[in-house]
Amino acid sequence: MPTISMPGKIGHGLAMIVLLTRRIFGLVLTLIAVSLLLFAVMALLPGDPAAITLGTSATPETLAALRHNMGLDQPLIVRYGHWLAGALAGDLGTSYTYGVPVAGLIAERLAVTLPLALLAILLSVLVAVPLGVAAAARRGGVFDIIATLFSQMGIAVPGFWVGLLLVLVFATSLGWMPAGGFPGWESGFWPSLKSLVLPAIALALPQAAVLTRVTRSAVLDTLHEDFARTAIAKGLSRSRVLWGHVVPNALVPVLTILGLQFTFLVAGAVLIENVFTLPGLGRLAYQALSQRDIIVLQDVVLFFAGLVIVVNFLVDLSYLVIDPRLRAGGAR
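Residues numbered from 1 in each chain as written. Predicted model: local features only at pLDDT ≥ 70, side-chain atom pairs only at ≥ 80, totals over all residues. Heavy atoms only, no water.

## Here's the deal with the overall build of the chain
No. 1: Counting secondary structure elements, the chain contains 14 helices and zero strands.
No. 2: Mapped from its N terminus to its C terminus, the chain presents α and β elements in the order α-α-α-α-α-α-α-α-α-α-α-α-α-α.
No. 3: For the chain, the proportion of its 332 residues judged to be buried stands at 38%.
No. 4: Pairs at least 24 residues apart make up 70% of the contacts formed inside the chain by residues separated by at least 6 positions.
No. 5: For the chain, the exposed surface amounts to about 17,900 Å²; the carbon and sulfur share of it is 71%. (Helix = DSSP H or I, 4+ residues; strand = E, 2+ residues; numbered from the N terminus. Buried < 20%, exposed > 50% of the residue type's maximum accessible area, 1.4 Å probe, protein only. Contact = heavy atoms within 4.5 Å. Areas by Shrake-Rupley, 256 points an atom, 1.4 Å probe, with all protein chains shown as cover.)

## Overview of helix H7 (residues 159–173)
No. 1: Over its 15 residues, H7 extends 20 Å from the first C-alpha to the last, a length consistent with the 21 Å expected when each residue adds 1.5 Å.
No. 2: Among all positions in H7, only Gly159, Val162, Gly163, Leu166, Val167 and Ala171 are buried.
No. 3: On its buried side, H7 packs onto helix H8 (189–223) and helix H11 (251–275).
No. 4: Trailing H7 by a residue or two, Gly175 shows a phi angle of about 70°, which is positive. (Expected span 1.5 Å × (residues − 1).)

## Here's the deal with unusual backbone geometry
No. 1: If you check the backbone angles, Thr277 has positive phi at about 50° while not being a glycine.
No. 2: With respect to the element layout, Thr277 can be found in the loop between H11 and helix H12 (281–290).
No. 3: With relative accessibility at 39%, the residue Thr277 sits in the partly exposed group.

## What about the packing of aromatic side chains?
No. 1: Per the counting criterion, the structure on display carries six aromatic pairs.
No. 2: An angle of 45° between the planes, with centres 6.0 Å apart, marks the rings of Phe170 and Trp176 as tilted.
No. 3: Members of the aromatic cluster, each reached through a chain of ring pairs, are Phe39, Tyr80 and Trp83. (Phe/Tyr/Trp six-rings, centres within 6.5 Å; stacked < 30°, edge-to-face > 60°.)

## Topic: helix H6 (residues 142–156)
No. 1: With 15 residues, H6 extends 21 Å between its outermost C-alpha atoms, agreeing within 8% with the 21 Å of an ideal straight helix rising 1.5 Å per residue.
No. 2: All of the buried residues in H6 are Asp144, Ala147, Phe150, Ser151 and Gly154. Projected down its long axis, H6 shows its buried positions confined to an angular sector of 130°, all on one face. Opposite the buried face of H6, at more than 90 degrees from it, the exposed residues are Val142, Met153 and Ala156. (Arc of directions from axis to C-beta.)

## Topic: the UniProt feature "transmembrane region" (unreviewed entry) in the chain
No. 1: The UniProt record annotates "transmembrane region" (unreviewed entry) at residues 24–45, 116–137, 149–176, 196–214, 246–272 and 300–322.
No. 2: Annotation note: span residues 196–214, helix share 100%, strand share 0%, distance between end C-alpha atoms 26 Å.
No. 3: Structurally, residues 246–272 comprises 96% helix and 0% strand, and the distance from its first C-alpha atom to its last is 36 Å. (UniProt positions renumbered as here; feature names shortened; annotations may be inferred.)

As structure tokens, then:
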């Protein structure tokens, strides 16, 4: 009877745990490095938050007292330590402008930005993956021409211009969608979702254009692999080989681009939310910058950076699930 090598399986499991531990440790170090760099950059921004809060008529004594209450008279390294310790404990400080905890502001605005980003990613995947696969399967055909034109136009056209065009057509001319604003989820699911459709399309279009090109290239490269040619030679239908063998093996570069695109979605949300006057994290960051509300700005940017780092970490883990060769390589 065949025997099962338990020590080998245990060793493989331990190797995977070590690999995951290393990656988590790297993630934590990256977050700390980003927080240090972010704090240093924010400290170099011109303008005194205390002076901006009090205005030009403030006396030096009042200004000094407010700076002391804000902790602005402490050394930078001390202020960074207090800020980092508070962030790790869930205390992100109090907004200079709004006078409320920053954690509450972020949670409130996240209810707009997160659905917007998820809807944009969903639209991007639903358009790009089928179009890219169809273009690769019928290279030189109609779908390939459409995919090429769509990719070139989507990459060339700025997202904010697409947003303005969508408002002009679907909000102003046709009246199908709201031109901007967000009614709040308490007003109902459909009215809230409806207000996110046009911004999500404006965010998704450039990302879908890039993803279409990557999907097409990945599927074409995988179609020329030996296992794909062998499966076709054995009599399997082309569609079965395409969707059952080729597309799953082409997902690694597609997932890589999706992870990178999340970064661009976060950055693009700042502009798109201001175009559509959405009360999201991007608009909050813009307002904090204009009002020199440094504590809000650095907390929002740190949240964005942490979100991007965690998403890319999860994408790395998904590679191990999709491709067994990466698991074997990581275990070694």
